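If you want the building blocks of each chain, they are given just below.
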Amino acid sequence: MTILDTIVAQKKIEVANRQAITTIAQLEQAAFFKLPTLSLKSSLADKNRTGIIAEFKRKSPSKGIINDTSSLQAVTQAYTQFGASGISVLTDELFFGGRLSDLEDATINKVPLLRKDFMISEYQIVEAKASGASVILLIAACLSPKQVRDMTSVAHDLGLEVLLEIHNEEELGHINEAIDLVGVNNRNLKNFEVSIDISLNLINQIPSSIPAIAESGIDNPNTIVTLQKAGFTGFLIGERFMKETDPTIAFANFVTELKLKQNAG
């Protein structure tokens, strides 16, 4: 089994357990469920913001502990202050050290929140809405094209946007006209190797009507400039900031350097 297979098998157990404790009807009574959502698609088009979807991430299967000391609220507020277009919050606990309450804590920021998890069930979409998310991630490697279409419909009924993540040419077939955003993950989820060539090779095969997001392997502002020129609208970055002693300073410095390079270009 690959790491992805292991995570998905565990996720099925976790979702079944949570659903046995809290019903969809109960989730629909949550305060966040009744609130309007924010559009990541619109935020990415805002020229006053950076195009960066900045991620709060404590650990990963490939790196182990990345940062288990920084305050979620302090880090996400800095992300917002310095121009993040959105914030990605890991909610997988066993493999990434996240939790649904992290999403709720991040709602102090008035920017779209992405629930970053391995979504295999419509129940998780309702959970996302009930916890303050505006966007959900659907990973093509975990789902069939029909599941992507059906789960997108459920998300839209709840006012949520959908970011579909692909990794290779085979997964281009998961894209449908209802998808709001397409992400290209430069990390191979089967062996966790990273290369931005994955994004550069796939960008021209993604419908131009759907904003494209590059994910993983974006270590410096030059990479963003390269990806922007190739046609990417957004950039999901987490480890680059979270691995630093103070992610808030790391993000601020990154944005300052990015603006200098963009102005120079």
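Residues numbered from 1 in each chain as written. Predicted model: local features only at pLDDT ≥ 70, side-chain atom pairs only at ≥ 80, totals over all residues. Heavy atoms only, no water.

## Overview of helix α1 (residues 3-21)
- For α1, built from 19 residues, the straight-helix expectation of 27 Å at 1.5 Å per residue is met to within 8% by its first-to-last C-alpha distance of 27 Å.
- Along α1, the residues that are buried comprise Leu 4, Ile 7, Val 8, Lys 11, Glu 14 and Val 15. Down the axis of α1, the smallest arc covering the buried residues is 130°, so these residues share one side. Pointing more than 90 degrees away from the buried face of α1 are the exposed residues Lys 12 and Ala 20.
- Buried residues along α1 sit against α6 (122-130). (Helix = DSSP H or I, 4+ residues; strand = E, 2+ residues; numbered from the N terminus. Expected span 1.5 Å × (residues − 1). Buried < 20%, exposed > 50% of the residue type's maximum accessible area, 1.4 Å probe, protein only. Arc of directions from axis to C-beta. Contact = heavy atoms within 4.5 Å.)

## Quick notes on unusual backbone geometry
- Residue Ser 216 is not a glycine yet carries a positive backbone phi of 75°.
- Along the chain, Ser 216 turns up in the loop between β9 (212-215) and α9 (221-230).

## A look at the pattern of salt bridges
- Evaluated as defined, the whole model comprises 16 salt bridges.
- Arg 115 is paired through a salt bridge with Asp 117; the nearest N and O atoms lie 3.3 Å apart.
- Judged by relative accessible area, Arg 115 falls into the buried class, the value being 1%.
- Judged by its relative accessible area of 2%, Asp 117 falls in the buried class.
- Between Lys 261 and Glu 257 there is a salt bridge whose closest N-O contact spans 4.0 Å. With Lys 261 and Glu 257 both in helix α11 (residues 247-264) and four residues apart, the pair spans about one turn of that helix. (Salt bridge = Lys/Arg side-chain N within 4 Å of Asp/Glu carboxyl O.)

## Focus on helix α4 (residues 72-81)
- Among all positions of α4, only Leu 72, Val 75, Thr 76, Ala 78, Tyr 79 and Thr 80 are buried.
- The N-cap of α4, judged by a side-chain oxygen 3.3 Å from the amide nitrogen of Gln 73 a few residues on, is Ser 71.
- Two residues or fewer after α4 comes Gly 83, characterised by a positive phi angle close to 100°. (Polar contact = N/O pair within 3.5 Å; in protein donor to acceptor, adjacent residues only side chain to side chain.)

## Examining the environment of Ser 62
- Structurally, the position occupied by Ser 62 is in the loop between β2 (59-60) and β3 (64-65).
- Judged by its relative accessible area of 37%, Ser 62 falls in the partly exposed class.
- Sequence separation between Ser 62 and Arg 187 is 125 residues, and the spatial gap between their C-alpha atoms is 11 Å.
- Discounting chain neighbours no more than four positions away, the residues touching Ser 62 are Arg 187 and Phe 192.

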